[in-house]
Amino acid sequence: MSKQKRERNVLAFTGATALAVIAVNFAITAFKRRHKKKGSLDASIYLQGSIVRVNLSAAEILKLADKIVSKSKEVHDAVASVPLDKVTFMNVISPLAELEAQQFPLVQSCVFPKLVCTSDDVCKSSAEAERKIDAHMLSCRINNNDTVRYVDSMSMLISNREDVYRVVKAVAATGEWVSPEAKRYIQSLVRDFERSGLNLTISKREEVQRLRDQIDELSLQYVRNLNDDKTFLLFSEADLLGLPPEFLKSLDKAENGIFKVTLKSHHVAAVLELCKCAFEPLKVGRTRRLVAVAYGKRCGGINLSVLESLVELRHKFARLLGYSNYADYALDLRMAKSSSKVFEFLEEISASLTDLASRELLMLKDLKRKEEGELPFGIEDLLYYVRRVEELQFDLDFGAVKQYFPVNLVLSGIFKVFQDLFGLRFEEVLDAVVWHSDVRVFSVFDLSSNDLLGYFYLDIYKREGKYAHTCVVALQNGALSSTGARQIPVALLISQIQKDIVGHPSLLRFSEVVNFFHEFGHVVQQICNRASFARFSGLRVDPDFVEIPAQLLENWCYESFSLKLISGFHQDITTPIKDEICKSLKRRRYAFSALKLKQEILYCIFDQIIHSADNVDIVELFKHLHPKVMLGLPMLEGTNPASCFPRSAIGFESACYSRIWSEVFAADIFACKFRDGLLNQRVGMQFRNNVLAPGGSKEPIEILSDFLGREPSIQAFVDSRAECSL
Ligand SMILES: [Zn+2]
């Protein structure tokens, strides 16, 4: 879809735990630039090697957008004018590659201010600039999925310029490659042009464009229908027992004082997880069931037909482009490559988890029998009883856990882990120009050579108008110019942490700690990339591969050794987090994971079937798959999961499997290489040099197999769930 596009307070350190933190703070020494130009607003002057402009005015943003469009046209015109018998790498490919590398940070300079929104004018101008650049690129964009939480700018070179396609194709036909990476680059250019239909007749190309517009419109309509759904259910207070008073207070009421529960996910999740009634067990099941049914049949009539049309158009679109179905088109760019591989993968994982999932389900059924008597266990009971068992099995108070994660300490700890593991050194640039006083900038150096590798910005505190999610934005991609000069990568991490208020330090929830680790994985992935072409830089890699490094690094949050490095009781940070808490966090990570995965796999299989076969009855398909995958549990009667499953309609069509895919390979890498050496720099450097550095310049499967010394396997993923089972 076209818009897929993401304290500096000094802590009082005492005692042993603090030593590590102090060491980190020495490592993050202040780094002042000496040649600051007085009064200049251009950060690129301060950050040597960065052409990202971070604080342009509203007018400057619009001016820059115009410049980007005209520069792009100028280069395309020049390249297209090369006679077909005179094409070379230097006169066709090199100018296109340099345009891509140099334009990307400028595009991001126009687009990212919208996310960090410091003034209405700048924000509006940034959105307008994005539209301007989009309009120029619109007819040329491939319908690409985005599987990560960062803003992916458009593919700079995908253009509808048939004349450019012809010269690129002529270079490809010469078969003279400057390097294996250059060959891959040229092939990817040709492939992207052809995925836009440039090898087709004009009428077919127009048909491709028409279909793409219809697909975009229908997928947006599917989501709009869900967002516009205003259904609510009415319940008395007795029907909602178990829900906290503040939740009830937040609900609107009907005239007779009855509560209105909407079908927004925060209402539904609260009821399905918490609603209980000690005295009227039969009624409890009723509330959860009513809410689950209403939630599962949202937009039943309308969205089923939207999805049917959408799938039909997608197949048609893919066939015009020479693929046998839509899944083949979508998977062509991904590690999985084919539907049969995806089915094989999902079925293998599902089968490996069946025993564990059956034991988990039995545990839930037993508890329901104890609490509600001999009533059948339904899918609507899942969240409630998972939570109940977790309450009984884990002595985990997340409010108390939070006390061990003051944000500054966590950040210092994360820096230490990443620096030690990957042989890096972070230095804060204290006088860099930024868009808000909360924003910090760091240079990243190679520890042994002292070479500058890149920069990252941290904009982590909550602010009105700012993008509401945690994400990493690539601001500038690494690349090698034709003169041999290296453009260094620049990243931006955005999150929504509540800032300190006097006497109350910012404390992170454990889930936020894990998120931070994950996002730092993306930052390091971006910075450590050494590909020659910006197209293969850090985050612009195979979407099945891009999450693997970040998911791998989440594991450090579940091991006592590393968890202690990033935590300490906020009132006395020398008091480490207790071992029992660390163990409980790890066990809880995988509690009921087999059942939860089975449920996710069910949706992934559905998504893969509808996008790889014709004329599928999507209602019957769900009914058939549900008990088969979910250990005999039937689909909740009256629901239409296909009508309210937006991932399959927009953004992840035919690629829902991708999250599990990358988690499986991340688990394999962790178990094989890091579990027994969480700060093993030798292995960390191998990962940096052999996995992060090549990025998209090699086939991901080749990268993983070389690093592991064998083909990747699902075993570690399955074992990790079984080891931590309840
Ligand atoms: Zn991610």
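Per an unreviewed UniProt entry, the protein carries the name Thimet oligopeptidase and comes from Citrus sinensis.

Chemist: Tell me about the overall build of the protein, residues and numbers included.
Modeler: Counting its regular elements, the protein contains 29 helices and 10 strands. By the burial criterion, 57% of the 726 residues in the protein qualify as buried. For the protein, the exposed area adds up to about 30,100 Å²; of that, 53% sits on carbon and sulfur atoms.

Chemist: Lay out the state of the cysteines in plain terms, naming residues and giving numbers.
Modeler: Scanning the entire structure with this criterion turns up zero disulfides. We note that C604 lacks a disulfide partner, and the nearest cysteine sulfur, in C656, lies 5.7 Å from it. Since its relative accessible area comes to 2%, C604 is described here as buried.

Chemist: Quick rundown of the environment of L356? Include the residues and the values.
Modeler: Within the fold, L356 resides in helix α15 (residues 339-372). In this structure, the C-alpha to C-alpha distance between L356 and S593, residues 237 residues apart in sequence, is 9.0 Å.

Chemist: Mind laying out the coordination of the zinc ion, listing which residues take part and the relevant values?
Modeler: Protein coordination at the zinc ion comes from H518 (NE2), H522 (NE2), E547 (OE) and E547 (OE), with a distance range of 2.1 to 2.6 Å. What the four donor atoms of the zinc ion show is an angle range of 53 to 139° at the metal, which sorts the shape as irregular. As a motif over one chain, the donors of the zinc ion read H-x3-H-x24-E. Here H518 is found in helix α19 (residues 510-527), whereas its partner E547 is found in the loop between α19 and α20 (548-554), with 29 residues between them in sequence. Judged by its relative accessible area of 2%, H518 falls in the buried class.

Chemist: How would you summarise the packing of helix α4 (residues 89-111) against helix α8 (residues 180-195) if you had to cite specific residues and measurements?
Modeler: Relative orientation of the contacting elements α4 and α8 amounts to 80°, with a least axis distance of 12 Å. Considered as vectors, α4 and α8 are oriented roughly perpendicular to each other. In this structure, α4 contributes F89, I93, L96, A97 and E100 to the contact, and α8 contributes A182, Y185, I186 and L189. Across the contact of α4 with α8, the residue classes break down as eight nonpolar, no polar and one charged.

Chemist: Describe in detail unusual backbone geometry, supporting the description with residues and values.
Modeler: Even without glycine at this site, C299 takes up a positive phi of about 55°. Mapped onto the elements, C299 comes out in the loop between α12 (281-296) and α13 (300-320). Even without being a glycine, N450 presents a positive backbone phi close to 65°. With respect to the helices and strands, the residue N450 is situated in the loop between β5 (440-446) and β6 (452-461). Accessibility expressed as a relative area gives 42% for N450, which makes it partly exposed.

Chemist: How would you summarise helix α9 (residues 202-228) if you had to cite specific residues and measurements?
Modeler: Here α9 is 27 residues long and its end C-alpha atoms lie 38 Å apart, about the 39 Å a rise of 1.5 Å per residue gives. The elements touched by buried residues of α9 are α7 (162-174), α8, α13 and α25 (646-649).

Chemist: Which residues make up the confidence of the model for the protein, and what are the values?
Modeler: Per-residue confidence for the protein gives a mean pLDDT of 87, with 89% of residues at or over 70. Across residues 1-45, where pLDDT falls below 50, the model places 115 contacts with residues more than four positions away in sequence or in other chains. When the criterion is pLDDT under 50, residues 138-157 qualifies, and its contacts beyond four places in sequence or with other chains add up to 100 contacts.

Chemist: So what about the pairing of strand β4 (residues 424-429)? Which residues, and what values?
Modeler: Summarising burial for β4: six of the six residues are buried, a large majority. Both faces of β4 are covered, namely the face carrying L424, F426 and E428 and the face carrying R425, E427 and V429. Looking at chain direction, β4 and β5 are connected through five bridges and run antiparallel. Paired with F426 across the strands is V444, a residue of β5.

Chemist: I'd love a proper account of the packing of aromatic side chains, names of residues and values included.
Modeler: Applying the stated criterion across every chain yields a total of 37 aromatic pairs. Measuring from ring centre to ring centre gives 5.7 Å for Y165 and F193, while their planes differ by 55°; the resulting arrangement is tilted. Placement of Y165 in helix α7 and of F193 in helix α8 is noted, with a sequence separation of 28 residues between them. Classification of Y165 as buried rests on a relative accessible area of 7%. Take F193: its relative accessible area is 2%, and that puts it in the buried class. Ring geometry for F345 versus F665: centroids 6.5 Å apart, planes at 35°, classification tilted. Here F345, found in helix α15, pairs with F665, found in helix α26 (residues 658-674); they are 320 residues apart in sequence, far enough to count as distant. F665 carries the same exposure label as F345, and that label is buried. Positioned above the aromatic ring of Y384 is the side chain of R288, whose terminal nitrogen or guanidinium carbon lies 4.0 Å from the ring centre. We note R314 situated over the ring of Y326; from NZ or CZ to the ring centre the distance is 5.6 Å.

Chemist: Please set out the pattern of salt bridges residue by residue, giving values where relevant.
Modeler: In total, this model carries 50 salt bridges according to the counting rule given. Across the salt bridge formed by R205 and E162, the nearest N and O atoms sit 3.2 Å from each other. With a gap of 43 residues between them, R205 in helix α9 and E162 in helix α7 connect regions that are remote in the sequence. Exposure remark for R205: the relative accessible area of 17% places this residue in the buried category. On the basis of relative accessibility, which here comes to 30%, the residue E162 falls in the partly exposed class. Where R195 meets D332, a salt bridge forms, and the shortest distance between an N and an O atom there is 4.0 Å. Of this pair, R195 sits in helix α8 while D332 sits in the loop between α14 (326-331) and α15, and the two are 137 residues apart along the sequence. By relative accessible area, D332 is classed as partly exposed at 27%.

Chemist: Account for α13, with residues named and values stated.
Modeler: Residue pairs spaced three or four apart in an α-helix point in one direction, given the helix's 3.6 residues per turn. Taking 1.5 Å of rise per residue, the 21 residues of α13 would be expected to cover 30 Å, and the 30 Å separating its terminal C-alpha atoms lies within 8% of that figure. The complete set of buried residues in α13 reads G300, N303, L304, V306, L307, L310, V311, L313, R314, H315, F317 and A318. Among the structural elements, α9, α14, α23 (593-610), α24 (618-629) and α25 are those in contact with the buried residues of α13. Trailing α13 by a residue or two, G322 shows a phi angle of about 95°, which is positive.

About the cut-offs
- Residues numbered from 1 in each chain as written.
- Predicted model: local features only at pLDDT ≥ 70, side-chain atom pairs only at ≥ 80, totals over all residues.
- Heavy atoms only, no water.
- Helix = DSSP H or I, 4+ residues; strand = E, 2+ residues; numbered from the N terminus.
- Buried < 20%, exposed > 50% of the residue type's maximum accessible area, 1.4 Å probe, protein only.
- Areas by Shrake-Rupley, 256 points an atom, 1.4 Å probe, with all protein chains shown as cover.
- Disulfide = S-S within 2.5 Å.
- Donors = N, O, S within 2.8 Å, 3.2 Å for Na, K, Ca; no water.
- Tetrahedral: all angles 85-135°; square planar, octahedral: opposite > 155°, others 65-115°.
- Axes fitted to C-alpha atoms, helices over the stretch in contact; angles between N-to-C directions.
- Parallel < 35°, antiparallel > 145°, perpendicular 65-115°, else oblique.
- Contact = heavy atoms within 4.5 Å.
- Nonpolar A, V, L, I, M, F, W, Y, C, P; charged D, E, K, R; others polar.
- Expected span 1.5 Å × (residues − 1).
- pLDDT = per-residue confidence, 0-100.
- Pairing = 2+ DSSP bridges.
- Phe/Tyr/Trp six-rings, centres within 6.5 Å; stacked < 30°, edge-to-face > 60°.
- Lys NZ or Arg CZ within 6 Å of the ring centre and 35° of its normal.
- Salt bridge = Lys/Arg side-chain N within 4 Å of Asp/Glu carboxyl O.

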